[in-house]
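Read off the chains here:
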Amino acid sequence: MNSLHRPHGSLRDSVDPIVLTPDDAGWTYTGLRVLHLGAGETRVVHTDEFEAFVLPLAGSCTVRVDGLEFELTGRDTVFSRITDFAYVPRDAAVEISTAHGIEVALPMARCTRRLTPKYGPAERVPVEVRGAGPATRQVANFGVPGVWDHADKLSACELLTPDGNWSSYPPHKHDSASEHEVVNEEIYYFRIAGPDGIRPSRSGFGLHRTYTADGAIDADVTVRDGDVFLVPRGYHGPCVAAPGYPMYYLNVLAGPGPERSLAFCDDPAHAWVRARWDEQTPDPRCPMTSHEGRVE
């Protein structure tokens, strides 16, 4: 198994489907947990040295932290709508409870500043259509700098790629500090829709590529629903959704810089592709969702 590719089930502990700390990843800042809570269940999560988002993937929940309470309406699946979310600080006991059951992601980052908890409404999440032609995709910028500035280190966004399209393209990197680039560790958490285009299914698949100029990393992998890929350095992209199987991924980023930033550099060999987007028509299937539901 490629050590950067963590297939579904490989990060499971005795309770939850994904428990990934920075130490597990072999880096410093970025982590991810995915929790499953049954109907009527309550769980207390101790954030310790990590800040996190509480991001419903399927279902709704109530979040209680520092004497505050947030009702997260959530969604049926990641392919059905943009969700509301909550930010929770480090050194907190976070209580998550659900009436009907929930699958919830906790993208997280090791940090030093302790901020206050905060609610993020779905209707304020900017939905961007990025790219053109077969490289058209949707980006839900719920937790990125300039949109969500209430975080110390953590950045996160969600991408939806129509079946047959390419995203995270042209390949790009963010592994050195320069005028145009910052250092960020990045997690890709994939969900793949089944034949109905809405319900995640292990029957579908996609492709992902990460590589470095020196050849030390050269990974071309098949990704299925629930897989994780770690990007410690190097160019990453494309992510390709196989025909018939729309692709979702959650990007989680954090790094050592004094300010949160997503600045990156394209692979010079493929940077020309971005310049051609002005000459192409965006795929009319994007945007695929909004805070109100699916866009038909």
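Residues numbered from 1 in each chain as written. Predicted model: local features only at pLDDT ≥ 70, side-chain atom pairs only at ≥ 80, totals over all residues. Heavy atoms only, no water.

Draft legend 1. The arrangement of the overall build of the chain in detail. Scanning the chain from terminus to terminus reveals two helices and 24 strands. The long-range fraction of contacts in the chain, counting pairs at least 24 apart against all pairs at least 6 apart in sequence, stands at 74%. Counting every atom, the chain has about 12,200 Å² of accessible surface; 51% of that belongs to carbon and sulfur. Counting 28 positive and 41 negative side-chain charges, the chain places the averaged centre of each group 1 Å from the other. (Helix = DSSP H or I, 4+ residues; strand = E, 2+ residues; numbered from the N terminus. Contact = heavy atoms within 4.5 Å. Areas by Shrake-Rupley, 256 points an atom, 1.4 Å probe, with all protein chains shown as cover. Lys, Arg positive; Asp, Glu negative; His and termini not counted. Charge placed at Lys NZ, Arg CZ, Asp CG, Glu CD.)

Draft legend 2. Focus on empty space enclosed by the protein. One pass over the structure, following the stated rule, counts two cavities of 30 Å³ or more. Taken as a whole, the largest cavity encloses approximately 90 Å³ of empty space. Along the wall of the largest cavity there are 14 residues; nearest its centre are Asn 184, Gly 255, Glu 259, Arg 260 and Ser 261. Grouping the constituent residues of the lining of the largest cavity by class yields five nonpolar, five polar and four charged. Forming the boundary of the second largest cavity are Arg 75, Val 78, Arg 81, Ile 82, Gln 138, Ala 140, Glu 158, Leu 159, Leu 160, Tyr 248 and Thr 289. Those elements that place two or more of their residues in the lining of the second largest cavity are strand E12 (137-143) and strand E13 (155-161). Here the lining of the second largest cavity gets three residues from one element, more than from any other, and that element is E13. (1 Å grid on protein atoms, 1.4 Å probe; cavity = no way out; pocket = protein on both sides within 12 Å on 5 of 7 lines; lining within 4 Å. Points joined across faces, edges and corners; volume = space filled by probe spheres on them. Nonpolar A, V, L, I, M, F, W, Y, C, P; charged D, E, K, R; others polar.)

Draft legend 3. Spotlight on unusual backbone geometry. Between Tyr 169 and Pro 170 the backbone carries a cis peptide bond, its omega angle lying at 5 degrees. Here Pro 170 shows up in the loop between strand E14 (166-167) and strand E15 (172-173). Between Cys 286 and Pro 287 the backbone carries a cis peptide bond, its omega angle lying at 0 degrees. Here Pro 287 shows up in the loop between helix H2 (272-275) and strand E23 (289-290).

Draft legend 4. Highlighting the state of the cysteines. Inspection of the entire model under this criterion finds zero disulfides. Cys 157 provides the cysteine sulfur closest to Cys 111, a residue in no disulfide bond, and the two sulfurs are 19 Å apart. In this model Cys 265 remains outside any disulfide bridge; the closest cysteine sulfur is found in Cys 157, 18 Å from its own. For Cys 265, a relative accessible area of 22% translates into the label partly exposed. (Disulfide = S-S within 2.5 Å. Buried < 20%, exposed > 50% of the residue type's maximum accessible area, 1.4 Å probe, protein only.)

Draft legend 5. Spotlight on the pattern of salt bridges. Across all of its chains, the model carries 24 salt bridges by this definition. When the shortest N-O distance is used, the salt bridge between Arg 75 and Glu 158 registers 2.5 Å. With Arg 75 in strand E6 (residues 68-75) and Glu 158 in strand E13, this pair connects stretches of sequence that are 83 residues apart. Take Glu 158: its relative accessible area is 4%, and that puts it in the buried class. In this structure, the salt-bridge partner of Asp 214 is Arg 233, at a minimum N-O distance of 3.8 Å. Taken together, the residues Asp 214 in the loop between strand E17 (206-211) and strand E18 (218-223) and Arg 233 in the loop between strand E19 (228-231) and strand E20 (235-241) connect sequence positions 19 residues apart. Residues joined in a network through salt bridges with shared partners are Asp 16, Arg 33, Glu 41 and Arg 43. (Salt bridge = Lys/Arg side-chain N within 4 Å of Asp/Glu carboxyl O.)

Draft legend 6. View of the sheet that holds strand E16 (residues 185-192). Across the sheet, which stays open at both edges, the seven strands sit in the order E1-E19-E16-E21-E13-E12-E11 with antiparallel pairing between neighbours. Here the strands that pair on one side only, and so sit at the sheet edges, are strand E1 (5-6) and strand E11 (127-130). Two elements, E13 and strand E21 (residues 247-254), share seven bridges in a ladder whose sense is antiparallel. What sits directly across from Glu 158, in E21, is Leu 250. (Pairing = 2+ DSSP bridges.)

Draft legend 7. Quick look at the packing of aromatic side chains. This structure, assessed with the given rule, holds 14 aromatic pairs. Geometrically, the ring pair formed by Tyr 188 and Tyr 249 is tilted, given 5.0 Å between the ring centres and 40 degrees between the ring planes. Of this pair, Tyr 188 sits in strand E16 while Tyr 249 sits in strand E21, and the two are 61 residues apart along the sequence. Exposure class is identical for Tyr 188 and Tyr 249. Each is buried. Members of the aromatic cluster, joined through ring pairs, are Phe 53, Phe 85, Tyr 87, Phe 142 and Trp 148. Here the guanidinium or amino end of Lys 118 rests over the ring plane of Trp 148, the centre of that ring lying 5.2 Å away. (Phe/Tyr/Trp six-rings, centres within 6.5 Å; stacked < 30°, edge-to-face > 60°. Lys NZ or Arg CZ within 6 Å of the ring centre and 35° of its normal.)

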